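Letter by letter, the chains look like this.
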Number of protein chains: 2
Amino acid sequence: MKKQMVWVLSLAVVVLLTGAAFAQFAKTEDAVKYRQSAMFLIGQHFTRMGAVVKGEAPYDKEAFEKNAVLVESLYRLPLEAFLVPGSDKGSGMKAEALSQKDKFAQMHKATEAELAKLVAAAKGGDMNAIKPQFGAAGGSCKACHDAYRSK
Amino acid sequence: MKKQMVWVLSLAVVVLLTGAAFAQFAKTEDAVKYRQSAMFLIGQHFTRMGAVVKGEAPYDKEAFEKNAVLVESLYRLPLEAFLVPGSDKGSGMKAEALSQKDKFAQMHKATEAELAKLVAAAKGGDMNAIKPQFGAAGGSCKACHDAYRSK
């Protein structure tokens, strides 16, 4: 445990994919902003791992593991926003993400599995296992972005 | 358990308040965006509880509890961004938030305690206990916003 850590919290986050009472947005723009906010946070923590994997930042097992756990956790958050009709408008999400919900859900599930494996590799602490799994997770993200993100 | 729930996940989210290896931002603007993203997500889930407390939305114990847990969890996320020098610039955060770190940390801790009590009240499911605690949590948020938010 590092001295500079003030506190480390272990929180149980219960996330619901759908559920009308939970998935309310006052405006469609809020659904877009919700998704983008979560995606930004995910991107931040994923990029931090990327820097380590590329050798641009030193490997710190604890920090790497926390980033992996955060990405996996945050990955669940934006999902409800994807389901809001019209939330592709004025955003970087293609309309196909809403019209091809089954394929979209399938790709989402695949990424979810890769992120879980990344957390496991991060916990293991072996960079020879982490590197290929980071690549697999990134590839899964990219496949969905290529299919459903317009920019 | 509602049928419309596809899956409910309980995730352990480990959040670190400080720690250099973890708190990297490529640009100061990213620290601002990080904080704003987390605050937006918190605001969304807090507002959903507010609608129930005000009687504008029906009370659903499960959904209310999830919102409370999410707010409490997300509340930990943006903290590292508050510590970035210069992250008050171009944002709605007053410079005093950085120069009065002790007072700021104290107010943060107070809100944290109120949110924990809100989660407990939400789990209890008694609206007569939830309402005043939601008010106390909101009041604690507001006190810090009044002191350190310029808009």
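If you're wondering where the values come from, they're calculated on a predicted model, not measured in any experiment. (Residues numbered from 1 in each chain as written. Chains lettered and ligands numbered in written order. Predicted model: local features only at pLDDT ≥ 70, side-chain atom pairs only at ≥ 80, totals over all residues. Heavy atoms only, no water.)

Participant: Mind showing me how you'd approach the packing of aromatic side chains here?
Facilitator: How two aromatic rings sit relative to each other is given by the distance of their centres and the angle of their planes. According to the stated counting rule, one finds eight aromatic pairs over all chains in the structure shown. Considering the side-chain rings of Phe25 of chain A and Tyr34 of chain A, the 5.3 Å spacing of their centres and the 75 degrees angle between planes classify their relative orientation as edge-to-face. Geometrically, the ring pair formed by Tyr59 of chain B and Phe64 of chain B is edge-to-face, given 5.9 Å between the ring centres and 70 degrees between the ring planes. Look at Tyr59 of chain B and you get partly exposed, because its relative accessible area is 32%. (Phe/Tyr/Trp six-rings, centres within 6.5 Å; stacked < 30°, edge-to-face > 60°. Buried < 20%, exposed > 50% of the residue type's maximum accessible area, 1.4 Å probe, protein only.)

Participant: Would you mind going over the side chain of Glu114 of chain A with me for this structure?
Facilitator: Topologically, Glu114 of chain A is positioned in helix H5 (residues 101–124). Of the buried charged residues, Glu114 of chain A lacks a salt bridge, with Lys117 of chain A as the closest side chain of opposite charge at 4.1 Å. (Helix = DSSP H or I, 4+ residues; strand = E, 2+ residues; numbered from the N terminus. Lys, Arg positive; Asp, Glu negative; His and termini not counted. Salt bridge = Lys/Arg side-chain N within 4 Å of Asp/Glu carboxyl O.)

Participant: When you look at the nonpolar core in this model, what are you seeing that I'm missing?
Facilitator: As a rule of thumb, nonpolar side chains are buried together in soluble globular proteins. Among the nonpolar cores identified, the biggest contains 64 residues, and Phe46, Met49, Leu77 and Leu118 of chain A together with Phe46, Met49 and Leu77 of chain B are the most heavily contacted of them. Elements supplying a minimum of two residues to this core: helix H1 (28–53), helix H2 (61–74), H5 and helix H6 (127–148) of chain A together with helix H1 (28–53), helix H2 (61–74), helix H5 (101–124) and helix H6 (127–148) of chain B. Met49 of chain A has contacts with Phe64, Asn67, Ala68, Val71, Leu118 and Phe134 of chain A, leaving out every residue within four places of it along the chain. (Core = buried A, V, L, I, M, F, W, Y, C linked by side-chain atoms within 4.5 Å. Contact = heavy atoms within 4.5 Å.)

Participant: Help me out: how do you make sense of the environment of Gly86 of chain A in this one?
Facilitator: Residues and elements named next belong to chain A. Examined against the element boundaries, Gly86 turns out to sit in the loop between helix H3 (79–82) and helix H4 (96–99). A sequence separation of 57 residues divides Gly86 from Glu29, and the C-alpha atoms of the two residues are 9.0 Å apart. Once residues lying within four places of it in the same chain are set aside, the contact partners of Gly86 are Thr28 and Leu98.

Participant: What's the story with the pattern of salt bridges in this structure? I'm lost.
Facilitator: Opposite charge on two side chains permits them to pair, given that their charged atoms come into close proximity. All told, the structure shown has 10 salt bridges over all chains when counted by the stated rule. A salt bridge links Lys61 of chain A to Glu65 of chain A, with the nearest nitrogen and oxygen atoms 3.1 Å apart. Remark: Glu65 of chain A and Lys61 of chain A occur in helix H2; sequence separation between them is four residues, near one turn of the helix. Judged by its relative accessible area of 37%, Lys61 of chain A falls in the partly exposed class. The partner of Glu65 of chain B in a salt bridge is Lys123 of chain B, with the nearest N and O atoms 3.5 Å apart. Here Lys123 of chain B lies in helix H5 and Glu65 of chain B lies in helix H2, a separation of 58 residues in the sequence. Here the salt bridges share partners, and the residues they tie into one network are Lys61, Glu65 and Lys123 of chain A.

Participant: Could you clarify how one ought to interpret the environment of Gly124 of chain A in this entry?
Facilitator: Residues and elements named next belong to chain A. Along the chain, Gly124 falls in helix H5. For Gly124, a relative accessible area of 57% gives the class exposed. Considered as a pair, Gly124 and Lys61 are 63 residues apart in the sequence and their alpha carbons are 8.9 Å apart.

Participant: Would you take a moment to explain H6 of chain A for this structure?
Facilitator: Within an α-helix, residues lying three or four positions from one another point in the same direction, as the helix has 3.6 residues per turn. Residues and elements named next belong to chain A. Its 22 residues give H6 an end-to-end C-alpha distance of 31 Å, which sits within 8% of 32 Å, the value for a rise of 1.5 Å per residue. Those residues of H6 that fall on the buried side of the exposure criterion are Met127, Ile130, Gln133, Phe134, Ala137, Ser140, Cys141, Cys144 and Tyr148. Here the buried residues of H6 occupy an arc of 145 degrees about the axis, which is enough to place them on one side. Structural note: H6 exposes Asn128, Pro132 and Lys142 on the side pointing more than 90 degrees away from its buried face. Of the residues flanking the start of H6, the one acting as N-cap is Asp126, its side-chain oxygen 2.9 Å from the backbone nitrogen of Asn128. (Expected span 1.5 Å × (residues − 1). Arc of directions from axis to C-beta. Polar contact = N/O pair within 3.5 Å; in protein donor to acceptor, adjacent residues only side chain to side chain.)

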